[in-house]
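Now for the letters of each chain:
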Amino acid sequence: MAKRYHEKIEVEAPDGQIEAFWWRGNRYGVKQVLGRWRETGEWWAAEQGSPWAGAQQAEFLRIEAASGRHGGTFEIVRDLRSGAWALHRVYD
Amino acid sequence: MRPFVHLNVRSVYSFREGAIRLDELATATRAHGMPAVALTDRDTLAGAVRFTQACDANGITPIYGARLTVGDDPDPAKADERTMITVLARDDAGYANLCKLITAAHHNGERGDPCASRADVARYSRGLFGLLGPGSDVGRALEARRDDDARTYLRGWLEAFGFHRTRIEVATHLRPGDRGRIMRTLAFADENRVTAVATNAARSLSKADAFLGDVLDAMRNLVPIADHHRIDPTHEATLKTPDEMDALFGWRPDLLDESYAIADACSAHLRLGKIQVPNYPPGTARDPDARSLNEMLARRCIAGLARRGLANDPRARDLLEAELAMCARLGFAGYFLTISDLVARVKRMGVRCACRGSAAGSLIVYLTGISEVNPVEHDLVFERFMNPHRTTELPDIDLDVESARREDVYREILGAFRAVDPDGPPRVACVAMVDTYRARGAIREVGKALGLPQGEVDVVAKSFPHISASGIRAALERLPELQRSSLNLGQLEMLFGVAERLDGFPRHLALHPSGILIGRDDLFRVTPLERSAAGFPMSQFDKDDIEALGLLKLDVLGVRMLSSLTHATREIARATGEQVDLDTIDREDPATFDLICASRTLGTFQIESPGQRELLAKLEPRRFKDLITEISLFRPGPVRSDMIGPYLLRRHGHARAAYAHPEVRRFLAETFGVIVYHEQVMRAISAVTGCDLGYADLVRRRLDRADTLDEIEAWFFAKGRANGWRDGEIGPLWREVASFASFGFCKAHAAAFAVPTYQSSWMKTHHPAAFFAGILTHEPGMYPRRTLIDDARHEGVPNLPLDINASGATYAVERTPDGTLGVRIALQHVDGISTDEISAIVAAREERPFTGLADLCRRARISRPTVEALIHAGALDAFGRRRDQLLLVSEFWAGRAPKPGSTQQELVLRESVTEFGLRAYTDAEKVRAELEVLGVDASRHVVSFYTDVLRALGATPSRELRKQRQGARVMVAGVKVASQTPAVRSGQRIIFITLDDGTGLSDATVFESVQEHCAYTVFHSWLLVVRGTLRKTGAGRGGISINAERAWDLSQLAREHKAGSLDIDALWTEGVAEIEEAERARVAARRGRGAVPVVPDGAGPLVPIGERQPRYRPRTGEVDEAGAPAAAAAVPLPARRGPIEGEPAAAGAPRKLWHASGGSAGA
């Protein structure tokens, strides 16, 4: 079962390679990157603003990670404009 | 940086799919440091020439290709089974095959749904790379993990392209699962020993543009944008830099290297800027050598000398020799021979055909029968047409043919070149025209794509075609229409922002209305051919592309006047047995020039507009050459630069012609020392500087460019002095040359146009009934039919009413009982009648005449509205009263009387008609019915119903205006037949109107000072009374015009008059005091300046800018009078057959019955 979240996380990626992320005070070490893709927002539904400034774009990573004994598959997402990371989904 | 080349790129020419503009593609490719780029549009090469030009300008190598749709079942329902492959031309053979493949794709299946078969690909694969990407059958099978299927598909492509030219294409737009898919694909490639290559399947230039892809997808699929059916959700299909590509595929550098290797192997390059004269005769295996072609042309020209009676004219022989030498030097012999054959073919079809433009200046063109203008007689110059200094493009020949036969001519020309090998590929094709998004259309489609309410978007689109996204806030404050809109600011900004980016995007390929491309035998290797809606082969290139490719393009224009003249000559032959050959009539016939000088030129070619008629009256043409001058002078340039004034003064002996130098007299004497023609400018430059006429033409073309004028002036003086001219001689000539050069007119073109102008005037003079039958049938000019019908009345040609047993499909000449020839109103203009119904009526009547309503219904089988329209307009008057017959029709269709066609019906009918005994139509009702059904008041003039009120007002009939003195205050009335609001010299808006009161036409001019009082009425009323002062122009039977002061609606005045509430004195005195005060001030001011008015009327010759050829027809529907508020422009139509009392037009115009135009022709 997958659970949806939208919580801010901190990511450790010293030379571009993601090693770990921090969520709810726990550090999750990344074992493997399973997939990587991008999505753009629904620019046409924006209340205001101009599509020609570039649509909002996000990068998704599906990773296998664990904190101690608690592990699983996670989807984390980065807003490519602000650079902020968030947890998107957890598969138990 | 690792080298990379984009091999999969869709531009805006992938209609509604790609968003990259070609110039941006080339500049971005260079900016990113890539040496080459491929263009792979969807089943088209329409962008190939512009792509080449953009690449050449940026120093990068173009690679030609296409994203090709392949499928073995052309049925659109099976579109899912189709596959996409990318093909790239490795060499010229590959480019030729690319053309053939795309042609094949467009000839399979439905039009607009191209699809090449696998067999086509196999047949035309030589020289092509085949790239099998994620959209190919191989890619899709791999995605679905059906590797066995993928192998089977791959084998098929390998058979076509071989290992050397087959590639597995990988690309990622960073979507979920991409990595796994790519890994599997690469493993598959390795396993099958096929080389793989990386692309980015780009379709937008950058991320900032990527949203356009979503918009285009939504437009193409006709659905609003929504997340669940986005085709490209990641916005990664951009023209990435080599570094960005390295970030994606750096782990397999061979994929990037391979793109470079393929680019390096591609050598095809379109050759631009080199003339490709069609081979002659077509279909020969090898061209005859140049010498024998030149001899062939020379022989044909010498035969032409004899035929044209010029065999002993030394000037003609010398000129021919010079032209033939030039032609041999430029290698044009095959070109002239081809066109000469073609014109001969068209003429053999019995279609009138004339050549227009500068080509008429060439003697070869005259002698080979292409043109009917003798350049020796009119002292024309061939260098204007065939210039030895311009060798990158073929000279233009434009042919005018009868509008009604244009498609036949197309078929003949296209067939003529096919005939050599009926199954062979065509070497003649129609030219494409790229239809682009314009603001209004873009807003509508974007609104739909964004899912905005269509009604609201429509309002916005209509109101603001020219607004920019950045101006939207300001517009919101300024314009009430936007405030009322339910769209919020964000939505409006989005709408305009997106539409603005789409502005100018190609939308689809359309058929050019007149262009025909005549290629060489290998045309099918140069351009892909589509099929037009009418089934003609159509090149994917437009006329600019074709010019750039150096191919021959012919413009074949349909001219309604030519159809009118043909109709007229046939009617003469049919009604009287006389055979008229318009090409051999006397071109100096005094009676014809009497008609022209009297400005009785309504309906004739070129010289029928109010401004033209005014100029005719002033200029008084008496010779054919005067007509050439008149046509040349009636243009915005000459008017603005006061060319007409000095010419007229000298022509009529009020001023003396002056010549700067005796040599100048030779070519300026014909226009009394005034420069009118391009040819004169060329001769002047040549005379002073000693250069040849071809070079002089190049100089002439640069004269309207301010940046080089000083340079040319210095050269002009230096050369002149060296040739022994004094500065006092060069100076005045230079001033004339410099100021008139860009305004002058090509005399050859004017001479070509003067021919139908003269022929139509001659026809009107000598065969008026046939003339009117011709122009009523084909409506070549600017005036509505009712004006032409009325003009026929004035010219003594009776109008014979619509009659079911006499009216034909077209207007016919018919002898009336008193022996005069009249015009019978035709069925073609009966409101709502179909061509099938017309044929049915004519065919049934040829068996025997109709005996009654039931007989008509039974034998012709026409619809109820048509039967009613015919009765209403009086076509069945012979069988009874109109009301009775209409009632009977409604009984039929209500089922209360036997249906037409049943056996007992005719009996019932005969009795019924007499039984009802309803009231007959009054005269007014008859006229109103005619206006409703036919758009003409044939039986009686509309204004004749207003004689009472006009008499009471003291209005002057048009016929009597001439008896009034200059400056007299008069009232004129009539039906508005034309209104024009051209831009004029001073920048003020001037409205021209022409009224028709049944005794003739009156022209009135509404200047800006009184428009506040008049404009609304003038634009919105159909029947007008205008008060103003009379001004006469020209001598003798010169023109007459009214300077309007006030205008009223005639039917409103009539109602007030009937009610006894009309204050006539007030109408005559309103505003007079202030107008006279203003006039005194104006005259005083002018006297103070001491300026001499060019034209004695003080207003200047008012010529509509851009009014050149009468393309215009009365509009139906949207009225577009400049200055009229858009919302109020539509004239309310009265209810059909409403109650009528006394006057036929109480509720406004029954149809759009007048001509209105703004600044541009064709309104």
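None of these values were measured; they are calculated from a predicted model.

A. Summary view of the overall build of chain B. Helix and strand content of chain B: 46 helices and 22 strands. Split into buried and exposed, the 1163 residues of chain B put 57% on the buried side. Partitioning the intrachain contacts of chain B with sequence separation of at least 6 by distance along the chain shows that 73% fall at a separation of at least 24. When the accessible surface of chain B is totalled, it reaches about 46,400 Å², and 50% of it is carbon and sulfur.

B. Inspection of the confidence of the model for chain B at higher detail. All names here are of chain B. Looking at chain B, pLDDT values average 85 and 87% of them are 70 or higher. In the predicted structure, residues 1089-1141 sits below a pLDDT of 50 and forms 112 contacts with residues beyond four places in sequence or in another chain. Low confidence marks residues 1158-1163, where pLDDT is under 50. Its contacts with residues over four positions away, or in another chain, come to 22 contacts. Our summary of model confidence lists the complex with pTM equal to 0.79 and ipTM equal to 0.83.

C. Main features of the nonpolar core. Counting residues in hydrophobic clusters, the biggest one holds 167 residues, and the most contacted among them are Val215, Phe332, Phe336 and Ile397 of chain B. Here this core gets 8 residues from one element, more than from any other, and that element is helix H13 (residues 333-348) of chain B. Leave out the neighbours within four places in its chain, and Val215 of chain B touches Trp43 of chain A together with Ile225, Val446, Ala449, Val498 and Leu502 of chain B. Cys857, Ile871, Leu886 and Ala978 of chain B belong to the second-largest nonpolar core, a separate cluster that totals 121 residues.

D. Fine view of the pairing of strand S18 (residues 991-996) of chain B. Residue and element names in this part refer to chain B. A large share of S18 lies buried, amounting to 6 of its 6 residues. Because side chains alternate across S18, one face comprises the buried residues Ile991, Ile993 and Leu995, and the other comprises Phe992, Thr994 and Asp996, equally buried. Where strand S17 (residues 969-980) and S18 come together, 5 bridges link them in antiparallel fashion. Opposite Ala978, over in S18, you have Thr994 as the bridge partner.

E. Seen up close, the packing of aromatic side chains. Taken as a whole, this structure holds 23 aromatic pairs over all chains when the rule is applied. Judged by centre distance (6.3 Å) and plane angle (65 degrees), the ring pair of Tyr13 of chain B and Phe15 of chain B falls under edge-to-face. Overall, the relative accessible area of 7% leaves Tyr13 of chain B in the buried class. Three or more aromatic residues joined by ring pairs make a cluster, and in this case those are Tyr5, Phe21, Trp23, Tyr28 and Phe74 of chain A. One Lys or Arg, Arg406 of chain B, reaches over the ring of Tyr410 of chain B and ends 5.0 Å from the middle of that ring. Of note, Arg587 of chain B hangs over the ring of Phe624 of chain B, and the distance from its end group to the ring centre comes to 5.2 Å.

F. Representation of the side chain of Arg845 of chain B within the structure. Residues and elements named next belong to chain B. With respect to the helices and strands, the residue Arg845 is situated in helix H36 (residues 835-847). The side chain of Arg845 sits in the buried core without any salt bridge; Glu846 is the nearest counter-charge, 6.6 Å away. In this structure the side chain of Arg845 is engaged in a polar contact, spanning 2.9 Å, whose partner is the backbone oxygen of Ile804.

G. Molecular detail of the sheet that holds strand S1 (residues 2-8) of chain A. Residue and element names in this part refer to chain A. Strand order across the open sheet formed by 7 strands is S1-S7-S6-S5-S4-S3-S2, with antiparallel pairing between neighbours. Since the sheet does not close on itself, it has two edges, and those belong to S1 and strand S2 (10-12), each with one partner. Strand-to-strand twist across the sheet, computed as the mean angle between neighbouring axes with direction ignored, equals 35 degrees. Alignment of strand S6 (residues 70-79) against strand S7 (residues 85-91), held across 6 bridges, turns out to be antiparallel. Each residue of the ladder has a partner; that of Val77, found in S7, is Ala86.

H. Layout of the sheet that holds strand S15 (residues 812-815) of chain B. Residues and elements named next belong to chain B. The sheet built from 3 strands is open, its strands ordered S14-S16-S15 with mixed pairing. Sheet topology places strand S14 (799-800) and S15 at the edges, where each strand pairs with a single neighbour. Taken together, the 2 bridges between S14 and strand S16 (residues 821-824) define a ladder with parallel strand orientation. Note that in S16 the partner of Asn799 across the bridge is Val823. Set on the sheet, helix H22 (residues 560-576) makes contact with S15 and S16; between it and S15 the angle comes to about 25 degrees. Relative to S16, helix H34 (residues 768-778) is tilted by about 15 degrees, and along the sheet it contacts S15 and S16.

I. Molecular detail of the side chain of Thr866 of chain B. All names here are of chain B. Its place among the elements puts Thr866 in helix H38 (residues 864-872). Separated by 3.0 Å, the side chains of Thr866 and Ser863 make a polar contact. Filtering out sequence-adjacent residues up to four positions away, Thr866 remains in contact with Gly832, Ile833 and Glu837.

J. Up close: the pattern of salt bridges. Here the structure, examined in full by the defined rule, presents 85 salt bridges over all chains. Asp791 of chain B serves as the salt-bridge partner of Lys764 of chain B, at 2.7 Å between the closest nitrogen and oxygen. On the criterion of sequence distance, the pair formed by Lys764 of chain B in helix H33 (residues 747-766) and Asp791 of chain B in helix H35 (residues 785-794) is long-range, its members being 27 residues apart. Each member of the pair, Lys764 of chain B as well as Asp791 of chain B, is classed as buried. Note that Asp996 of chain B is salt-bridged to Arg786 of chain B, the shortest N-O span being 3.4 Å. Of this pair, Asp996 of chain B sits in strand S18 while Arg786 of chain B sits in helix H35, and the two are 210 residues apart along the sequence. Here Arg786 of chain B falls in the buried class, since its relative accessible area comes to 0%. Each of Arg36, Arg38, Glu59 and Arg78 of chain A together with Lys207, Glu236 and Lys240 of chain B takes part in one network of salt bridges that share partners.

K. Examining the packing of helix H8 (residues 211-221) of chain B against helix H20 (residues 489-502) of chain B more closely. All names here are of chain B. Packing of H8 against H20 brings their axes to within 11 Å, and their N-to-C directions diverge by 90 degrees. When the axes of H8 and H20 are compared, the pair comes out roughly perpendicular. Contacts between H8 and H20 involve Phe211, Leu212, Val215, Leu216 and Met219 from the former and Val498, Arg501 and Leu502 from the latter. When grouped by side-chain class, the residues that make up the contact of H8 with H20 number 7 nonpolar, no polar and 1 charged.

L. The arrangement of helix H43 (residues 1008-1020) of chain B in detail. All names here are of chain B. With 13 residues, H43 extends 17 Å from end C-alpha to end C-alpha; this agrees with the ideal 18 Å at 1.5 Å per step. The principal kink in H43, of about 65 degrees, is found at Cys1014. Within the span of H43, buried status applies to Val1010, Gln1011, Cys1014, Ala1015, Thr1017, Val1018, Phe1019 and His1020.

What counts, and at which threshold
- Residues numbered from 1 in each chain as written.
- Chains lettered and ligands numbered in written order.
- Predicted model: local features only at pLDDT ≥ 70, side-chain atom pairs only at ≥ 80, totals over all residues.
- Heavy atoms only, no water.
- Helix = DSSP H or I, 4+ residues; strand = E, 2+ residues; numbered from the N terminus.
- Buried < 20%, exposed > 50% of the residue type's maximum accessible area, 1.4 Å probe, protein only.
- Contact = heavy atoms within 4.5 Å.
- Areas by Shrake-Rupley, 256 points an atom, 1.4 Å probe, with all protein chains shown as cover.
- pLDDT = per-residue confidence, 0-100.
- Core = buried A, V, L, I, M, F, W, Y, C linked by side-chain atoms within 4.5 Å.
- Pairing = 2+ DSSP bridges.
- Phe/Tyr/Trp six-rings, centres within 6.5 Å; stacked < 30°, edge-to-face > 60°.
- Lys NZ or Arg CZ within 6 Å of the ring centre and 35° of its normal.
- Lys, Arg positive; Asp, Glu negative; His and termini not counted.
- Salt bridge = Lys/Arg side-chain N within 4 Å of Asp/Glu carboxyl O.
- Polar contact = N/O pair within 3.5 Å; in protein donor to acceptor, adjacent residues only side chain to side chain.
- Axes fitted to C-alpha atoms, helices over the stretch in contact; angles between N-to-C directions.
- Parallel < 35°, antiparallel > 145°, perpendicular 65-115°, else oblique.
- Nonpolar A, V, L, I, M, F, W, Y, C, P; charged D, E, K, R; others polar.
- Expected span 1.5 Å × (residues − 1).
- Bend = angle between axes of the 7 residues up to and from the residue.

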